[in-house]
Amino acid sequence: MKIEKGQYGYIRHEKFKRVLRTVIAFAIDFAIFAFGLIMNNGSRRNIYSIIAAVGCVPAAMSMVGMIMMLMRKPMDQELHTDIETHAGSLPMLYELYLTTRDQNLFIDAVAVCGEYITAYTHENAAPGVLQFMEGHIRKSVLQSGYKVTVKIFSNRKNFLERIDQMREKQAEYRMDRDDEVAAILRQLAL
């Protein structure tokens, strides 16, 4: 079963996928290098060594992505169940790891409803990190032509209360662009 970015279980799935891809990439490089050694009586001066060395570039890039995913802890199952019961039919995204040049932040859950984006992170972020990420999301969505209000909560109770409010007023908010805004959020995440 393929798990897309923004679905619950994405981090766990990506960890396995990226480890497997990295191991296979390096195994192919080492096999090509070994084949070159065997074919040229132990001499490293052959075309196969060059191919293996160049092949290490994508393998190393894959390793960087693997390390980034291995550093992330997946969302807690209890938290996911709790949010799902409160969210109802609200469009939700889960396990988004937002990265910028200056800051990184793991977002456990995001609700997109009309012009409102409400998110929750369990991480104890520095005081300015949440405001920075709110501005980053707002600016990125605005560049695509959508004006939104963004709020990231670090308090679980406050986030669930806001989700309840959004669910109750869901019919009042314009919902025709929620999929496009959610797609922008997926692009921002690792």
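Keep in mind that what you see is a predicted model, and the values were worked out from it rather than measured.

Before going further, it helps to spend a moment on the pattern of salt bridges. Tallied over the entire structure, the rule returns six salt bridges. Between lysine 17 and glutamate 14 there is a salt bridge, and its shortest N-O distance comes to 3.2 Å. A residue pair is termed a helical-turn pair when its members lie 3 or 4 positions apart in one helix, as lysine 17 and glutamate 14 do in helix α1 (residues 10–39) at three residues. Aspartate 164 is the salt-bridge partner of arginine 167, the closest N and O atoms lying 3.1 Å from each other. Separated by three residues within a single helix, arginine 167 and aspartate 164 lie in helix α5 (residues 156–168), roughly one turn from each other. Salt bridges linked by common partners bring Glu14, Lys17 and Arg18 together as one network.

Phi at asparagine 41 takes a positive value of approximately 55°, unusual for a residue other than glycine. Looking at the element boundaries, asparagine 41 is found in the loop between α1 and α2 (47–70). Phi is positive for glutamate 95, which is not a glycine, with a value near 55°. Position of glutamate 95 among the secondary structure elements: in strand β1 (residues 92–99).

Moving on to α1. For α1, built from 30 residues, the straight-helix expectation of 44 Å at 1.5 Å per residue is met to within 8% by its first-to-last C-alpha distance of 43 Å. Within α1, the full set of buried residues consists of Tyr10, Ile11, Glu14, Arg18, Thr22, Phe26, Asp29 and Gly36. Considering only its buried residues, α1 is in contact with α2, β1 and β2 (104–113). Of the residues one or two after α1, asparagine 41 is the one with positive phi, at around 55°.

Let us now look at the environment of isoleucine 47. With respect to the helices, strands and loops of the structure, isoleucine 47 is situated in helix α2. Residue classification places isoleucine 47 among the exposed residues on the basis of a relative accessible area of 51%. C-alpha separation for the pair isoleucine 47 and glycine 36, spaced eleven residues apart in sequence, amounts to 7.5 Å.

Taken together, four strands build an open sheet; the order of strands is β1-β2-β3-β4 and the sheet is mixed. At either margin of the open sheet sits one strand with a lone partner, and together these are β1 and β4 (149–153). Each strand of the sheet is rotated relative to its neighbour by a mean of 30°, with strand direction disregarded. As paired strands, β2 and strand β3 (residues 116–120) are joined by five bridges and run antiparallel to one another. Residue valine 110 lies in a different strand from β3, and its bridge partner there is alanine 119. The strands touched by helix α3 (residues 77–87) within the sheet are β1, β2 and β3, with β1 carrying the most contacts at an inclination of about 125°. Packed on one face of the sheet, α5 meets β1, β2, β3 and β4 and runs near 150° to β3.

Scoring rules and cut-offs
- Residues numbered from 1 in each chain as written.
- Predicted model: local features only at pLDDT ≥ 70, side-chain atom pairs only at ≥ 80, totals over all residues.
- Heavy atoms only, no water.
- Salt bridge = Lys/Arg side-chain N within 4 Å of Asp/Glu carboxyl O.
- Helix = DSSP H or I, 4+ residues; strand = E, 2+ residues; numbered from the N terminus.
- Expected span 1.5 Å × (residues − 1).
- Buried < 20%, exposed > 50% of the residue type's maximum accessible area, 1.4 Å probe, protein only.
- Contact = heavy atoms within 4.5 Å.
- Pairing = 2+ DSSP bridges.
- Axes fitted to C-alpha atoms, helices over the stretch in contact; angles between N-to-C directions.

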